[in-house]
Amino acid sequence: MNTKITELLGIKYPIIQGGMAWIAESTLASAVSNAGGLGLIAGGSAPIDYLREQIRKTKENVNGKPFGVNVMLMSPNAEDLAKLVIEEKVPVVTTGAGNPGKFIESWKEARIKVIPVVPSVALAKRMERMGADAVVAEGTESGGHIGENTTMCLVPQVVDGVDIPVIAAGGIADGRGIAASIMLGAEGVQVGTRFLAAEECQIHPTYKELIVKAKDTDSIVTGRTTGHPCRNVKTKFSKQLASGEKNGSITPEEFEEITLGSLRKAVQDGNLDEGSFLCGAIAGMITEVKTCKEIIEEMFSQAESLLNE
Ligand code: TUI
């Protein structure tokens, strides 16, 4: 499938992997890039030396194929990572959880393709004016930190609002989601949750099992009281957080304290009592662990037959 995104990024399939903090490291990123998509290393709030090593490992693994780094703008390391991607000549940068405006000029000077993730038309327009090459329009179906608008409503409005290519994200895990995104005017998709259940994804087995066993109603949003809503798998822990926020027994400050480090506890320890297992609302549709190559090829073979009907 050739689109403006395959052309812009020099990839076979118009699919980029979500920049999942603590999760998206060189093994997953390399597998996605080697399968013809764009694999990403997530900066999250990881130390710079660790990220430099992950970038170098990925370069070795992908044999000249493109890959990217996601800069999470709320991280205290965002400034240092913004410099590191230039030093390391990373081909593509995506950003999340903020406005990357102040970094765009230096990234463009370094010939980096810049693709901010946006939750609104206003921010998409601002990013276009500042020189972004494309945007990811991410609906509230996504995992992790989310905006309010849905993929179905947000994507066509962003498509109408900007001239740069738009990548759809949030709730996409099979070929139907890709075909629908193309119908909404997107030139590609960003997929996170489906890759949680990839063989190459290095998360704790308990995390993968939660994704594979999830039903349609098994995601829940916590953190609304803090201003940073986050979609996760429904567990006893996340349900207690959500109900504590609702009835006022957990203050926003207490919420921040309880959830500090909770993503690491999920990803590395599979800790069901204190871990935040971030996932998108589409987790219920995912029932099998497969390789990235199988996932991507199946998604596009289904999408192409639907689009050619
Ligand atoms: O960033 C994400 N998803 C994430 S980041 C993350 S780590 C984190 N954990 C807890 C709280 C906050 C972060 C886990 N998942 N997706 C992209 C995304 N970007 N979603 C929403 C936004 C966003 C929000 C506001 C982008 C820009 C923005 O701009 C506000 C402004 O400054 O104009």
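Residues numbered from 1 in each chain as written. Predicted model: local features only at pLDDT ≥ 70, side-chain atom pairs only at ≥ 80, totals over all residues. Heavy atoms only, no water.

1. Quick word on the pattern of salt bridges
Turning to step 1, where the next piece is worked out: Summed over the entire model, instances satisfying the criterion amount to 15 salt bridges.
Turning to step 2, where the next piece is worked out: The salt bridge partner of Asp269 is Arg264, with a shortest N-O separation of 3.4 Å.
Turning to step 3, where the next piece is worked out: The class for Asp269 is partly exposed, based on a relative accessible area of 39%.
Turning to step 4, where the next piece is worked out: For Lys290, the salt bridge identified is with Glu298, shortest N-O distance 2.7 Å.
Turning to step 5, where the next piece is worked out: Salt bridges sharing common partners tie together Arg56, Lys59 and Glu88. (Salt bridge = Lys/Arg side-chain N within 4 Å of Asp/Glu carboxyl O. Buried < 20%, exposed > 50% of the residue type's maximum accessible area, 1.4 Å probe, protein only.)

2. Some remarks on the site of the ligand
Turning to step 1, where the next piece is worked out: As a structural note, the neighbourhood of the ligand is formed by 14 residues, with Ala97, Gly98, Leu123, Glu138 and His145 the closest of them.
Turning to step 2, where the next piece is worked out: Ala97 is positioned such that a nitrogen or oxygen atom in its backbone is 3.0 Å from a nitrogen atom of the ligand.
Turning to step 3, where the next piece is worked out: For the ligand, a nitrogen atom lies 2.9 Å from a polar atom in the backbone of His145.
Turning to step 4, where the next piece is worked out: Breaking the shell around the ligand down by element, the ones donating at least two residues are α6 (121-129) and β7 (144-145).
Turning to step 5, where the next piece is worked out: Among the residues making up the shell around the ligand, the classes are represented as 6 nonpolar, 6 polar and 2 charged. (Near = heavy atom within 4 Å. Polar contact = N/O pair within 3.5 Å; in protein donor to acceptor, adjacent residues only side chain to side chain. Helix = DSSP H or I, 4+ residues; strand = E, 2+ residues; numbered from the N terminus. Nonpolar A, V, L, I, M, F, W, Y, C, P; charged D, E, K, R; others polar.)

3. As for helix α7 (residues 151-161)
Turning to step 1, where the next piece is worked out: Within the span of α7, buried status applies to Thr151, Leu154, Val155 and Val158. End-on view of α7: buried residues confined to an arc of 95°, all on one side of the axis. Projecting away from the buried face of α7 at angles above 90 degrees are the exposed residues Met152 and Asp160. (Arc of directions from axis to C-beta.)

4. Describing the nonpolar core
Turning to step 1, where the next piece is worked out: Ile15, Trp107, Phe195 and Tyr207 are the most contacted members of the largest nonpolar core, which has 76 residues in total.
Turning to step 2, where the next piece is worked out: When residues of this core are assigned to domains, at least three fall in each of domain 1 (4-201 + 288-307) and domain 2 (215-278).
Turning to step 3, where the next piece is worked out: Filtering out sequence-adjacent residues up to four positions away, Ile15 remains in contact with Gly37, Leu38, Val189, Val191, Phe195, Ile296, Met299 and Phe300.
Turning to step 4, where the next piece is worked out: Counting 13 residues, the second-largest nonpolar core is a separate cluster that includes Leu9, Ile11, Leu40 and Val136. (Core = buried A, V, L, I, M, F, W, Y, C linked by side-chain atoms within 4.5 Å. Domains from an automatic or database assignment. Contact = heavy atoms within 4.5 Å.)

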